[in-house]
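Structural overview for review
One-letter residues, chain by chain:
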Amino acid sequence: MTDMLKTKDILDEKDKRLRLVSKEVTFPMEKEDIDHINEMIEYLTNSQIEEEAEKYDLRPGMGMAAIQLGIPKRYLTIVHEVEDGFDTYVIVNPKIISNSVEKIYVEEGEGCLSVNREVDGIVPRFARVTVEGYDTDGNQIRIRAREELAIAFQHEIDHLNGVMFYDHIDPKDPFKGQNEYRAI
Ligand code: NI
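Here goes a summary of the coordinates provided. All chains use their own residue numbering, which begins from 1 and follows the written sequence. Per-residue local features are limited, in this predicted model, to residues with pLDDT of at least 70; the limit for side-chain atom pairs, both in listing and counting, is 80 or more; totals at the level of whole chains, interfaces and linings are taken over all residues. Only hydrogens and water are set aside when side-chain values are computed; all heavy atoms of the structure are taken into account.

1. Section: helix H1 (residues 31–47)
Operational definition: The helix count covers DSSP runs of H or I at least four residues long, the strand count covers runs of E at least two residues long, and both are numbered beginning at the N terminus. What a helix should span is 1.5 Å times the count of its residues minus one. Relative accessibility under 20% of the residue-type maximum defines a buried residue, over 50% an exposed one, and the middle range a partly exposed one, all with a 1.4 Å probe and only protein chains included. Residue contacts are defined here by distance: any two heavy atoms, one from each residue, within 4.5 Å place the two residues in contact.
The end-to-end C-alpha separation of H1 is 24 Å, in line with the 24 Å expected for 17 residues at 1.5 Å each. Considered for burial, the residues of H1 that qualify are Asp33, His36, Ile37, Glu39, Met40, Ile41, Tyr43, Leu44, Thr45, Asn46 and Ser47. Those residues of H1 that are buried lie in contact with helix H2 (50–56), strand E1 (63–65), strand E2 (75–82) and strand E3 (85–99).

Structural data, given as structure tokens:
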């Protein structure tokens, strides 16, 4: 059994560890990291189920990178709500190997479990990406993602490089690109 993650376990944006470049993972993975991955999935899933989120006081989120728990290792999890439930993604040492020319942005602004405030502005993201990496057993995997899911992968991979979503917003002109990119 693993402990249940709480919202307070997630690093806040003021924590400088979020600016670290996380290190590549070697296989076999440590049991501790597997446990963390399971905790992350559990948190993300529960946080998107209203009843559970209320019961455990979880902030809703669909993605989490290890560094958000203070672990500077290159792995992330995404729990994507789909019509009949959730699709869960775990990827270790992920790399974007190809991307669309088209760019999109989240119209209501991107969010992050480490950022407890509204941030206005456009974060341009590729509409489609192919991500390559490894599963927890060290097998190579390749994931094709589009729209919201593609944004989630780009957002979480940014975390592995110490980048926050608002780093992509032009402070002098936060809505730059509004007519150039597609809102989702
Ligand atoms: Ni984030």
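2. Regarding the nonpolar core
Basically, it comes down to this: Put simply, a nonpolar core is a bunch of buried Ala, Val, Leu, Ile, Met, Phe, Trp, Tyr and Cys residues held in one set by side-chain atoms that sit within 4.5 Å of each other.
Among the nonpolar cores identified, the biggest contains 27 residues, and Leu76, Ile78, Val115, Phe153, Phe165 and Tyr166 are the most heavily contacted of them. Where this core is concerned, the elements lending two or more residues are E2, E3, strand E6 (128–134), strand E7 (140–146) and helix H3 (147–160). Here this core takes six residues from H3, the largest share from any one element. If you look at the next biggest cluster of nonpolar residues, it comprises 19 residues, including Ile37, Leu58, Ile71 and Val90.

3. Quick word on the coordination of the nickel ion
Just so we agree on the cut-off: Only nitrogen, oxygen and sulfur atoms count as donors, using a 2.8 Å cut-off from the metal that widens to 3.2 Å for Na, K and Ca. Water is left out, so coordination shells may look unfilled.
Only Cys112 (SG), His155 (NE2) and His159 (NE2) from the protein coordinate the nickel ion, and they sit 2.1 to 2.2 Å from it. Donor residues for the nickel ion, ordered by position in the chain, follow C-x42-H-x3-H. Placement of cysteine 112 in the loop between strand E4 (103–105) and strand E5 (125–126) and of histidine 159 in helix H3 is noted, with a sequence separation of 47 residues between them. The exposure classification of cysteine 112 matches that of histidine 159, with both residues buried.

4. Looking at the environment of glutamate 147
Put simply, the rule reads: In protein, a polar contact means a hydrogen-donor-capable atom and an acceptor-capable atom, both N or O and within 3.5 Å, with residues adjacent in sequence counting only if both atoms are side-chain atoms; elsewhere, any N or O pair within 3.5 Å suffices.
Following the sequence through the fold, glutamate 147 ends up in helix H3. Glutamate 147 sits 18 residues away from valine 129 along the chain, and the two C-alpha atoms are 9.1 Å apart. Apart from residues no more than four positions distant in its own chain, glutamate 147 is found in contact with Ile104, Ala127, Arg182 and Ile184. Of note is the side chain of glutamate 147, whose polar atom sits 2.8 Å from the side chain of arginine 182.

5. Notes on H3
Taking 1.5 Å of rise per residue, 14 residues should cover 20 Å, and H3 covers 21 Å from first to last C-alpha, within 8% of that figure. Of all the 14 residues making up H3, twelve are buried; the element is thus mostly covered by neighbouring parts of the structure. Taken together, the buried positions of H3 are Leu149, Ala150, Ile151, Ala152, Phe153, Gln154, His155, Glu156, Ile157, Asp158, His159 and Leu160. Within two residues after H3, glycine 162 carries a phi angle of roughly 75°, on the positive side.

6. Description of unusual backbone geometry
Excluding glycine, most residues fall at negative phi; most peptide bonds, likewise, are trans. Cis rather than trans, the peptide bond between phenylalanine 27 and proline 28 has omega equal to 0°. With a phi angle near 55°, aspartate 57 is a residue other than glycine that sits in the positive phi range. Topologically, aspartate 57 is positioned in the loop between H2 and E1. Non-glycine residue asparagine 93 carries a positive phi angle of around 50°. Counting through the fold element by element, asparagine 93 comes out in strand E3.

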